[in-house]
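What follows is the residue order along each chain.
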Amino acid sequence: MTPKLAVQKFLERHNYIKVVPRAALIDMDGTLYDSMPSHARAWQQMMAELGVDVPREQFFMYEGRTGASQIKLLFEKYFGVEPTEQQCADLYRRKTELFAEMPPVEVMPGAAEMLTFLKEIGVKCVLVTGSGQRTLLDRLQRDFPGIFTPDTIVSSRDVRHGKPHAEPYLKGLEVAGFRADEAIVIENAPLGVEAGHRAGIFTIGVNTGPIDPAALADAGADLVYDSMTDFAEMLPLVVYSLLTTMNNFN
Ligand code: MG
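What counts, and where the lines are drawn
Residues numbered from 1 in each chain as written. Predicted model: local features only at pLDDT ≥ 70, side-chain atom pairs only at ≥ 80, totals over all residues. Heavy atoms only, no water. Salt bridge = Lys/Arg side-chain N within 4 Å of Asp/Glu carboxyl O. Helix = DSSP H or I, 4+ residues; strand = E, 2+ residues; numbered from the N terminus. Buried < 20%, exposed > 50% of the residue type's maximum accessible area, 1.4 Å probe, protein only. Pairing = 2+ DSSP bridges.

Caption draft 1: Layout of the pattern of salt bridges. Here the structure, examined in full by the defined rule, presents 11 salt bridges. Between glutamate 49 and arginine 94 there is a salt bridge; the shortest N-O distance is 2.7 Å. Of this pair, glutamate 49 sits in helix 2 (residues 36-49) while arginine 94 sits in helix 5 (residues 85-101), and the two are 45 residues apart along the sequence. In this structure, glutamate 194 and arginine 198 form a salt bridge, with 2.7 Å as the shortest nitrogen-oxygen distance. Taken together, the residues glutamate 194 and arginine 198, both in helix 10 (residues 190-198) and four residues apart, mark about one turn of the helix. Given a relative accessible area of 22%, glutamate 194 falls into the partly exposed group. Its relative accessible area of 49% is what places arginine 198 among the partly exposed residues. If you follow the salt bridges from partner to partner, you end up with Asp27, Lys163 and Glu187 in one network.

Caption draft 2: Quick peek at the pairing of strand 5 (residues 202-206). Most of strand 5 is tucked away, with five of its five residues classed as buried. Bridge count for strand 4 (residues 183-187) against strand 5 is four bridges, and the pairing is parallel. Across the sheet, isoleucine 184 pairs through a bridge with phenylalanine 202, a residue of strand 5. Two strands pair when backbone bridges link them, and strand 5 and strand 6 (residues 223-225) are joined in this way by three bridges, in the parallel orientation. The partner of valine 206 across the bridge, within strand 6, is tyrosine 225.

Quick look at the structure:
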């Protein structure tokens, strides 16, 4: 689908007149950092310590959920019980330790180009992540200087409901100071796409992992790209399409 057609469909579905992109609400893991393989390995190891062998792909489908929410799902699925809050806290701490022991994760190719372009055209960037781990949050300033500040980061600590609930992206709008028709969402995970879609925001799904790209479209992505480098190249056209497409209310 061309960006223009995607924008037209989006405007019709939401009854918006047009979208003026003043803010970009951007996911972190799997979008700005190629961190998902390490997260999946850390989760897998945490579960192995409890005696359960969980397929790696499982964690790519859980991506975007908060740590506690993932632990609840894993307990229900593999032990048939609900974990206590103490168990959630202890196991998430363990998973975080295991993640910190992994080799350092790389910046996602294309991410810096995307952020630089958004900054140049005056779009405010807000980070919206299900993570609460300091390991990557602390690196943002070094890896993407001048883009995010502590005031423009929404993490799992700032919301009650994680993705796929709309709350993280609604909170992102609040932090940005703009409405849903003044923003775009950039996400790599189906549950994150679902959250952006539910918040009524034009949502771009970028497939950077092993999942079927159809899962992003099914979750409500208005546009889907195969990599961040592809998306970074197309971004000027996406912005142009947003700025020049009006709903003709047919
Ligand atoms: Mg992600």
